Amino acid sequence: MLITCPYCGPRDVSEYSYQGDGNRTRPDPASTDQEAWNAYVYDRLNPRGEHHEIWQHSGGCRAHLKVTRNTLTHVISSVGFARDAGHRKSDGHRKTGAEA
Amino acid sequence: MSPRRAVSGGRIDRLRTIRFTFDGHSYTGHAGDTLASALLANGVTLFGRSFKYHRPRGVLTAGVEEPNALVTVLSGAVREPNIPATMLEVYDGLIAESQNRFPSLEYDVGAINQLGGKLLGAGFYYKTFMGPVIGPLKGTRFWMFCEHFIRRAAGLGRAGTEREPSRYERMNAFCDVLVVGAGPAGLMAAKAAADKGVRVILADLDANPGGSANWSDETIDGMAAADWAAETVRELKARENVRMLPRTTVWGYYDNNTLAALERVADHKLAPAKGEPRHRQWTIRTGAVVLATGALERPLVFPGNDRPGVMLASAVERYVNQYGVLPGRKFAIFTNNDSAYRAALALKKAGGEIAAIVDLREKISPAAREIAGKVGGAHHTGHAVIDTEGGKQLTGIKVQRFDDRTGVLSDDPRNIPADCLLISGGWSPTIHLASQAGLNPVWSDELQAFLPPQATQNWVGAGGFNGGFTTAGALAEGHAAGLKAAGAPAAAIELPAVDDDGLDPKPAPVLEIKAKGKAFVDHQHDVTADDVRLAHQEGFVSVEHLKRYTTLGMATDQGKSSNVPGLAIMADALGKQIPEVGTTRFRPPFAPVSVGSLAAERYGDIRPDRLTPMHDWHLENGATMYGAGLWHRPMIYALPGETVEQAYVRETKTVREGVGLVDVSTLGKIAVQGPDAGEFLDRVYTNMFSTLAVGKARYGLMLREDGLVLDDGTTWRLGQHDFLMTTTTANAGKVMQHLEYLLDVVWPELKVQLTSVTDQWAGAAIAGPKSRDVLAACLTGTKADNETLPFMGIVRGEIDGAPVMICRLSFSGELAYEVYCGAGHGTHVWEALMKAGKPFGIVPYGLEALGTMRIEKGHVTGAEIDGRTTARDLHLDWMLSKKKPFVGSAMMDREGLVGEGRLQLVGIVPLNNRPVNGGAHIVEELYEDGPRDSIGHVTAMCYSPTLGKYIALALVKDGKSRRGTRAFVSDPLRKRFGPVEIVSHHFYDPEGNRMHG
């Protein structure tokens, strides 16, 4: 299997490490919604067909990629940066140092 | 002259004689022979005994699909079993043995199994090995005792026990077009692609590329087909953009057009040449693939079809034309199609006598009829062979009138004497690789065969693979496929001329003659037509179940010749058509792959070694090293005659009373830098770091998202935007990946950069009441007094000219400092500290003393942070900030992680003052009837020189409330039981006065 890293180009799967289901959304850090946290920490999709996954290019640039892969055929239909995929709720209640 | 070698002909080098032995007898062959062809030339027809019934078996085929003639090759004490004699090139000094016979091939006691045929039918294993269900042996392991002997009788070759000394290699290759198979189609494809200037690899499993051109009697382009092939190969070899891989089996087709191939580099010689591996495993990434893998001829199924002397027609044609061998004296032919007539012609030309051609079709093509007339002998159309005669060698066949539409036999059988019977059940395209990179194969009624599936990867087929069985067609398709694979537009050229013999490859749809006797479908696994029918009677209707129950197609040949006949019999039993019954997918590997070639250089201990900068010093100064993950760390620095316990007790005492030095370079170190570094640390640690003053360090605790403890360590604030985080040695990589994920995926807006700097810093911890004096004696540029360097303070200075960074923190519980310097200065600074410490009696100390002091202090490490403990379990809840959310904060207080019944950290004192072991259980009572009701376990143990007794840390259910009570240690594995007292985990200096002093 080849994954095309947006930085490094097509690389063998052995350069990557799987970082899990890419469909999860991390609740707001201050949230006490136990169900939402439980879903984030434990629930994983395991579809037959297209799946969104996070892969880290750990043997390369170490970027985390959001990969859309067909679990039946291994065909990868898209690769992007995981950071652009919105796996989080906004942390609006806290300012970042850059803004402070 | 060997008895069965034709006077002339063949592609062997008759001037070169090869000497080899088979079953202890010496034989000769010629360069270019396989073991099969050389033995046949010597008149040998018995090659082995069959798997289950120990029936005598000869050689059925001439290629990779051989199910019968499997031999063991001996090289010194190394035995390699199950090598097809048809694929083994002879060389001087080759020693081969037949298999599955005792005491000898000629007289095999296992042959008695033939009498028990009914007992050994399909599912024999499942039905038999259930153990006695009645009688005195019921419920015993009697059958397991029997199985030992039955297993010995079954099976094929025997593997050796010696270490295999051969060297194997792995190779990666990249090309635009990979052509699999170098027959006429493959050669044309390679040529067409190479002409377009793309990078081409041409792989073929035989030693001499050419495929069927090497054994067909045709002419191509006005020359013998084999000469045309040799000429084309010469031409291709001369090109820079073509790589030829002979003796290379492409065995797997994987994602992204990645193919696996095994090159047998040196199996055709006594020993590999200098620098040569035995096998080379290729991983080939290619733009496109041309599958020109040809087709395999199928046997017909009829009683006695496994007798030595019964061979595929194409195999005999190959033995005659390629090897100049006549595998018999008097030949009979039994076929359901025209292709076998070519073999008859070849035999006639080479001087063989044709006794009869038995064709189960009533109507045959004029071309076939003409050949039958030319070669002589009887020609029985509308007839079938219903049995064979002879013992270990065919002596004759029994023939009866046969209706190819109804399958009914009639009239009286007649006997025809023959010592070699050629059989042909039509051809199956070799679609194995396509099946790994395509949808389901497509059944062709016309060819009675599965044709290649629709491709799911970028390959294109040509020649026999596509179901076209003429050489002219192969050349045309090969040319077109080569162009297509190279991305070039189709273009007509003048193709090499081939003479057309007008034979029709379409078979009659009959693969089995139903008559009395054992008719073999899978020769290698001894599966008969009756076994398949029995499986059907017993309710196995799916091909997948049929395959597993009868083991049809599950031997090392993977059913190359038995698949379609097996399906035909199954379909007949079900009253269905073959495509309705379906076929099983062909999985990799296409042919057996040596395990050595998959491992190649990766065997033995292949982990990298991680050495600290002071490693050599430790070795030179008597350290006993200890593996900690990939790291090598000093365990003790024993004096002559000291035991491990004596050494660590001495080292611990010296630290507690004087001063000692330990290498802490292995701690994970991560530079956390950037304007949001403080904020980031607040989010990942349970306690606050944004408020930490520059020049100070703080102990931090990290949780996982699920609220359990991940890791601990100190983090130093070196500047406003510059932190140095330390992690435990074992978790350095895990913590780095955890932080990177959060930063990259969850909080990409934070301006933080993470850099692993573990290997950039050397670290030494100097500990003990006299440590400050030692520092004062060697530190320049700053001071080590309490005011300049308070507890958890950081200073920068120099030691013997090398810049250092010192943080006053303590793992041992004593006044202590961690001295960090660039890795290149590690040994220099270490030696300077040892020199400065000499007047104070400094000693180096190892992991054992370090561990002893941490147990005395009750500090946790990986044994307690085991992925199941919470901060509260480890009494670290004081570190859980209530002012902010952090990773794990939302989940750490959920049900099950709080309240009663948690395993909590405690101290343990064995009351009999005897050592206990890590992993030993803690119980409330020792029961007579065996150990049970564990309330926890010991995580770490030592002899404490400070307390003068054995102590341990343990995780015990509701441990905090049990302090001051008694329990027992229960260690049935090591047979250690005894009373213990449960105490606080702070054994020593609980207030921390010593390190603050």
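Residues numbered from 1 in each chain as written. Chains lettered and ligands numbered in written order. Predicted model: local features only at pLDDT ≥ 70, side-chain atom pairs only at ≥ 80, totals over all residues.

## Observations regarding the overall build of chain B
(1) Moving on: A count of helices and strands for chain B gives 23 helices and 50 strands.
(2) Moving on: Computed over the C-alpha atoms, the radius of gyration of chain B is 39 Å, more than 25% above the 30 Å expected from 2.2 N^0.38 for a compact globule of 997 residues.
(3) Moving on: The buried share of chain B, reckoned over its 997 residues, is 52%.
(4) Moving on: Look at the contacts in chain B between residues 6 or more apart in sequence, and 66% of them connect residues 24 or more apart. (Helix = DSSP H or I, 4+ residues; strand = E, 2+ residues; numbered from the N terminus. Rg over C-alpha atoms; globule rule 2.2 N^0.38 Å. Buried ≥ 20, exposed ≤ 12 C-beta atoms within 10 Å, placed from the backbone. Contact = placed C-beta atoms within 7 Å.)

## Structural notes on the UniProt feature "domain: SoxA A3" (unreviewed entry) in chain B
(1) Moving on: With numbering matched to this structure, UniProt assigns "domain: SoxA A3" (unreviewed entry) to residues 516–601 of chain B.
(2) Moving on: Helix makes up 44% of residues 516–601 of chain B and strand makes up 6%, while its end C-alpha atoms are separated by 54 Å. (UniProt positions renumbered as here; feature names shortened; annotations may be inferred.)

## Describing helix α21 (residues 826–837) of chain B
Residues and elements named next belong to chain B.
(1) Moving on: Taking 1.5 Å of rise per residue, the 12 residues of α21 would be expected to cover 16 Å, and the 16 Å separating its terminal C-alpha atoms lies within 8% of that figure.
(2) Moving on: Among the residues of α21, those classed as buried are G826, V829, W830, A832, L833, A836 and G837. For α21, the angular spread of the buried residues around the axis is 160 degrees, confining them to a single face. (Expected span 1.5 Å × (residues − 1). Arc of directions from axis to C-beta.)

## A closer look at the packing of helix α11 (residues 529–537) of chain B against helix α13 (residues 563–574) of chain B
All names here are of chain B.
(1) Moving on: Where α11 contacts α13, the axes come no closer than 9 Å and their chain directions differ by 40 degrees. In terms of orientation, α11 and α13 fall into the oblique class. Considering how the two elements wind past one another, α11 and α13 form a crossing that is right-handed. Within the contact between the two elements, α11 uses A529, V532, R533 and H536 and α13 uses G566, I569, M570, A573 and L574.
(2) Moving on: Across the contact of α11 with α13, the residue classes break down as 6 nonpolar, 2 polar and 1 charged. (Axes fitted to C-alpha atoms, helices over the stretch in contact; angles between N-to-C directions. Parallel < 35°, antiparallel > 145°, perpendicular 65-115°, else oblique. Left-handed = near helix turned anticlockwise from the far one by under 90°. Nonpolar A, V, L, I, M, F, W, Y, C, P; charged D, E, K, R; others polar.)

## A short note on the nonpolar core
(1) Moving on: If you look at the biggest cluster of nonpolar residues, it comprises 167 residues, and the most contacted ones within it are A189(B), V290(B), I333(B), A344(B) and L422(B).
(2) Moving on: Among the elements that take part in this core, helix α4 (residues 184–195) of chain B stands out by supplying 8 residues, more than any other.
(3) Moving on: Sequence-distant contacts of V290(B), that is, excluding residues within four places in its chain, are made with V177(B), V179(B), V180(B), G186(B), A189(B), V460(B), A462(B), A481(B), G482(B) and A485(B).
(4) Moving on: Formed by 125 residues, the second largest nonpolar core is a distinct cluster that contains W55(A), V774(B), I794(B) and I799(B). (Core = buried A, V, L, I, M, F, W, Y, C linked by C-beta atoms within 7 Å.)

## Comments concerning the environment of L953(B)
Residue and element names in this part refer to chain B.
(1) Moving on: Looking at where L953 falls in the secondary structure, it is placed in strand β48 (residues 949–957).
(2) Moving on: Judged by C-beta crowding, with 26 C-beta atoms within 10 Å, L953 ranks as buried.
(3) Moving on: Remark: the alpha-carbon pair of L953 and A863, spanning 90 residues in sequence, is separated by 9.5 Å.
(4) Moving on: Contact partners of L953, with chain neighbours within four places excluded, come to I855, G858, E864, L905, G907, T939, A940 and H985.

## Considering the interface of chain B and chain A
(1) Moving on: With 22 residues of chain B at the contact, the number on the chain A side is 24 residues.
(2) Moving on: Only α18 (677–684) and α19 (732–746) of chain B provide two or more residues apiece to the side of chain B that touches chain A.
(3) Moving on: For the side of chain B that touches chain A, the element with the most residues is α19(B), which contributes 5 residues.
(4) Moving on: Residue classes in the side of chain B that touches chain A are distributed as 9 nonpolar, 3 polar and 10 charged.

## Quick notes on the confidence of the model for chain A
(1) Moving on: A residue-level look at chain A finds 84% of positions with pLDDT of 70 or above and a mean pLDDT of 85.
(2) Moving on: With pLDDT under 50 throughout, residues 89–100 of chain A is counted as low confidence; its partners more than four residues away or in other chains account for 19 contacts. (pLDDT = per-residue confidence, 0-100.)

## Focus: the pairing of strand β5 (residues 70–75) of chain B
Residues and elements named next belong to chain B.
(1) Moving on: Relative to strand β6 (residues 78–84), β5 is paired through 5 bridges, and the arrangement is antiparallel. Bridge assignment links V71 to a residue of β6, and that residue is I83.
(2) Moving on: Between β5 and β6, which pair antiparallel in sequence order, lie 2 residues; one of them, G76, sits at a positive phi of approximately 65 degrees.
(3) Moving on: The pairing of β5 with strand β7 (residues 94–97) spans 3 bridges and is classified as antiparallel. If you follow T72 over to β7, its bridge partner there is E97. (Pairing = 2+ DSSP bridges.)

## Some words on the environment of D387(B)
All names here are of chain B.
(1) Moving on: Relative to the assigned elements, D387 resides in strand β21 (residues 383–390).
(2) Moving on: The exposure class assigned to D387 is buried, which follows from the 21 C-beta atoms found within 10 Å.
(3) Moving on: Sequence separation of D387 and K518 is 131 residues, and the distance between their C-alpha atoms is 9.2 Å.

## Remarks on the sheet that holds strand β41 (residues 794–799) of chain B
Residue and element names in this part refer to chain B.
(1) Moving on: If you trace the 7 strands from one edge of the open sheet to the other, you get β40-β41-β42-β43-β39-β33-β44, paired in mixed fashion. With one partner strand each, in any of the chains shown, β40 (779–780) and β44 (843–844) form the two edges of the open sheet.
(2) Moving on: Across the sheet, helix α20 (residues 771–778) touches β39 (761–767), β40, β41 and β43 (816–822), and the angle it forms with β39 is around 130 degrees.
(3) Moving on: Of the strands in this sheet, β33 (660–663), β39, β41, β42 (802–807) and β43 are in contact with α21, which crosses β39 at around 15 degrees.

## Regarding the packing of α11(B) against helix α12 (residues 543–550) of chain B
Residue and element names in this part refer to chain B.
(1) Moving on: For the pair α11 and α12, the least separation of the axes is 10 Å and the interaxial angle reads 125 degrees. The orientation of α11 relative to α12 falls into the category oblique. Here the hand of the crossing between α11 and α12 comes out right-handed. Each of D531, V532 and A535 in α11 lies in contact with α12, whose residues at this interface are L546, Y549 and T550.

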